[in-house]
Amino acid sequence: MSGLQWLTQRAIDTSIAHTVLGGAALPDAPGTPTWPEQRLRMVVESGTDATWREAWCSDGPLQQEQVAGLQWRCGHDLLYGLIELDEPAPDVPERGKHLRERTRNAYLRLFALLNEREMPHLWRVWNFMADINRDEDGLERYRWFNLGRHDACSAAGAASAAQMPAASALGWARGPLSIAFLAGRKPPRPIENPRQVSAFHYPGDYGPRPPLFARAALAESGRDEWLFVSGTASIVGHQTVHTGDVVAQCEETARNVLTVLDQANQVTRTAGHRAEALSHRVYVRHTADFPVVRRALERCLGGAGLTLMQADICRHDLLVEVESVAH
Ligand code: 3EB
């Protein structure tokens, strides 16, 4: 198997297990794989195949390591890692500051690992944490997280526009701070969205330090080119639009996803990535909205490859967020 593979299937065939770098799975997916796997500790839309599991593969031979809180596997030109750190109980004082510190430490470990393995370029990051919208020590936890990420990226010299990976940052009901990442030997090409202010240029209204991610990343692996579209929401400029209207938020989100796709297709080295070829993870704030979100996104993005799950979005007024991948 050459290059990066992306699979969603009932179970990953054991014959390819030796090529898997890492991936993600729903809470009830069977078994415990030997590769780093980010469990999505979330309620999923009923009817979803509970065995859903995705795996990123690479040519062997693979190297791997598992040390306290950090697990990774890498091949010739790609690395998948997972950092999971428990947090203090919700009533512990200064829990927000602890989150900043943990996030900073997690990202410093991540950058140290990428340097050491000579896989210096971050392609895609999935950030999850509990109580993302909760105020602690006078600041929302997502904003504490952004402080910690910014601390580490600045210290590691990874805070410039050219180095932004695609990313998502979501909240789950309970679980550790969990950061999964895909990195490569070659730099990806970051993509922005002309309808939106770049996240790393958000004004101070959204926290003392901005989120550090690109709207998408285009990355080459072997003969393939992968498009990772970051978590995308109903934001125009830097403002949330359609507050309280989940269907309109879905429509605006889809416009943003398709705009980012269009931007990527202006610079792609392939024939172009088609909207129908995108697979989407859809994060929905209220499980009661699953049916309307599915209907709206099937209409705007096409029906194939929508996996819906409940998560808290990083702004309290956002009801839905979509992330996508294509190759
Ligand atoms: C936004 O556009 C919505 O903090 O890494 C989307 C993707 C969002 C990634 C992150 C946040 C992040 O600002 C939120």
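Up top is the structure these notes are about.
Fair warning: this is a prediction, and the values are worked out from it, not measured in the lab.

Basis of the calculations
- Within every chain, residues take consecutive numbers counted from 1 along the sequence as written.
- Restriction of local features to residues with pLDDT of at least 70 applies here, the model being predicted, together with a cutoff of 80 or more for giving and counting side-chain atom pairs; totals for whole chains, interfaces and linings are based on all residues.
- To obtain the side-chain values, all non-hydrogen atoms of the structure were included, while hydrogens and water were left out.
- Relative accessible area decides the class of each residue, using a 1.4 Å probe on protein chains only: under 20% of the type maximum gives buried, over 50% gives exposed, and in between gives partly exposed.
- Each helix corresponds to a stretch of at least 4 residues labelled H or I by DSSP, and each strand to a stretch of at least 2 residues labelled E; elements are numbered beginning at the N terminus.
- Here the rule is simple: two strands pair whenever DSSP picks up at least two bridges between them.
- Under this scheme, a helix contributes an axis fitted over its contacting stretch, all axes are lines through C-alpha atoms, and angles between N-to-C directions fall in the 0 to 180 degree range.
- Near, as used in this document, describes a residue that has one of its heavy atoms within 4 Å of the molecule or strand being considered.
- By the criterion applied in these results, polar contacts are pairs of N or O atoms within 3.5 Å in which, for protein atoms, one can donate a hydrogen and the other can accept it, and in which residues neighboring in sequence qualify only through two side-chain atoms.
- Counted as salt bridges are all cases of a side-chain nitrogen of Lys or Arg within 4 Å of a carboxyl oxygen of Asp or Glu.
- Aromatic pairs are defined between Phe, Tyr and Trp rings, using the six-membered ring for Trp, whenever the two ring centres lie within 6.5 Å; interplanar angles under 30 degrees are classed as stacked, those over 60 as edge-to-face, and all others as tilted.
- Placement of a positive charge over a ring is assigned whenever Lys NZ or Arg CZ falls within 6 Å of the ring centre and within 35 degrees of the normal to the ring plane.
- Take the far helix as the reference: if the near one is turned anticlockwise from it by less than a right angle, the crossing is left-handed, and if turned clockwise, right-handed.
- What makes two residues a contact is simply this: any of their non-hydrogen atoms within 4.5 Å.
- Three residue categories are used. Nonpolar comprises Ala, Val, Leu, Ile, Met, Phe, Trp, Tyr, Cys and Pro, charged comprises Asp, Glu, Lys and Arg, and polar comprises the others, including Gly.
- Multiply 1.5 Å by the residue count of a helix minus one, and that product is the helix's expected span.
- Think of it as the arc spanned by the lines of direction from the helix axis to the C-beta atoms.

1. A closer look at the pairing of strand S20 (residues 320-326)
With respect to burial, S20 is a largely interior element, 7 of its 7 residues being buried. Relative to S20, strand S15 (residues 224-232) is paired through 4 bridges, and the arrangement is antiparallel. Pairing of Leu227 across the sheet is with Ala326, part of S20. In this sheet, S20 lies alongside strand S18 (residues 279-284) in antiparallel orientation, the contact comprising 6 bridges.

2. Section: the sheet that holds strand S7 (residues 78-85)
Pairing is mixed in the open sheet, where 6 strands are placed in the order S5-S6-S7-S12-S8-S11. Looking along the sheet, the strands with just one partner apiece sit at the ends: strand S5 (63-67) and strand S11 (166-172). Strand after strand, the sheet turns through a mean of 10 degrees between neighbouring axes, direction not considered. Note that strand S8 (residues 121-130) and strand S12 (residues 177-184) share 7 bridges and pair antiparallel.

3. Quick look at the site of the ligand
Around the ligand, the structure places 13 residues, and the nearest of them are Tyr142, Arg149, Tyr202, Arg215 and Cys314. Contacts to the ligand include Arg215, whose side-chain N or O atom sits 2.8 Å from an oxygen atom. If you list the elements that add at least two residues to the shell around the ligand, you get helix H2 (141-155) and S11. Among the elements that make up the shell around the ligand, the one with the highest residue count is S11 (3 residues).

4. A word on the pattern of salt bridges
Counting across every chain of the model gives 23 salt bridges. The residue Arg100 makes a salt bridge to Asp151 at a minimum N-O spacing of 2.8 Å. Note that Arg100 is positioned in helix H1 (residues 95-116) and Asp151 in helix H2, a separation of 51 residues in sequence.

5. Describing the packing of aromatic side chains
A complete count under the given rule lists 9 aromatic pairs for this structure. Look at Tyr107 and Phe111: their rings are 6.3 Å apart centre to centre, the planes differ by 45 degrees, and that puts the pair in the tilted class. Here Tyr107 and its partner Phe111 are both found in helix H1, 4 residues apart, which amounts to about one turn of the helix. Between the aromatic rings of Tyr142 and Phe145, the centroid separation amounts to 6.2 Å while the plane-to-plane angle is 20 degrees, which identifies the pairing as stacked. In this pair, Tyr142 and Phe145 are both assigned in helix H2, 3 residues apart and thus about one turn of the helix distant. With relative accessibility at 8%, the residue Tyr142 sits in the buried group. The class of Phe145 is buried, set by a relative accessible area of 0%. An aromatic cluster is defined as three or more aromatic residues linked by ring pairs; in this entry it consists of Trp56, Trp123, Trp126, Trp226 and Phe228. Note that Arg315 overlies the ring of Tyr202, its terminal NZ or CZ placed 5.2 Å from the centroid.

6. Let's talk about the packing of H1 against H2
Two quantities define a packed helix pair, namely the angle between the helix axes and the distance between the axes. With their axes 7 Å apart at the nearest point, H1 and H2 run at an angle of 35 degrees to one another. Considering the relative orientation of H1 and H2, their crossing is right-handed. In contact with Arg95, Gly96, Lys97, Leu99, Arg100, Thr103, Arg104, Tyr107, Leu108 and Phe111 of H1, H2 contributes Arg141, Trp144, Phe145, Leu147, Gly148, Arg149, Asp151, Ala152, Cys153 and Ala155. Considering only residue class, the contact of H1 with H2 consists of 10 nonpolar, 3 polar and 7 charged.

7. Notes on the sheet that holds S15
Across the sheet, which stays open at both edges, the 6 strands sit in the order S13-S14-S15-S20-S18-S19 with mixed pairing between neighbours. Each of the sheet's edge strands pairs with one partner strand only, and the pair in question is strand S13 (189-191) and strand S19 (306-310). Pairs of neighbouring strands in the sheet enclose a mean axial angle of 15 degrees, with direction left out of account. The sheet strands contacting helix H4 (residues 290-301) are S18, S19 and S20, and the helix crosses S19 at an angle near 150 degrees.

8. Quick word on H4
Think of an α-helix as turning once every 3.6 residues; residues three or four places apart then point the same way. Here H4 contains 12 residues, and its C-alpha end-to-end distance of 16 Å stays within 8% of the 16 Å for a straight helix at 1.5 Å per residue. Looking at H4, one finds that the buried residues are Phe290, Val293, Ala296, Leu297 and Leu301. Take H4 and look down its axis: the buried residues cluster within an arc of 135 degrees, on one side only. More than 90 degrees from the buried face of H4, the exposed residues found are Arg295 and Arg299. Those residues of H4 that are buried are in contact with helix H3 (246-267), S18, S19 and S20. Gly302 lies just past H4 and shows a positive phi near 90 degrees.

Nothing here speaks to function; it is geometry throughout.
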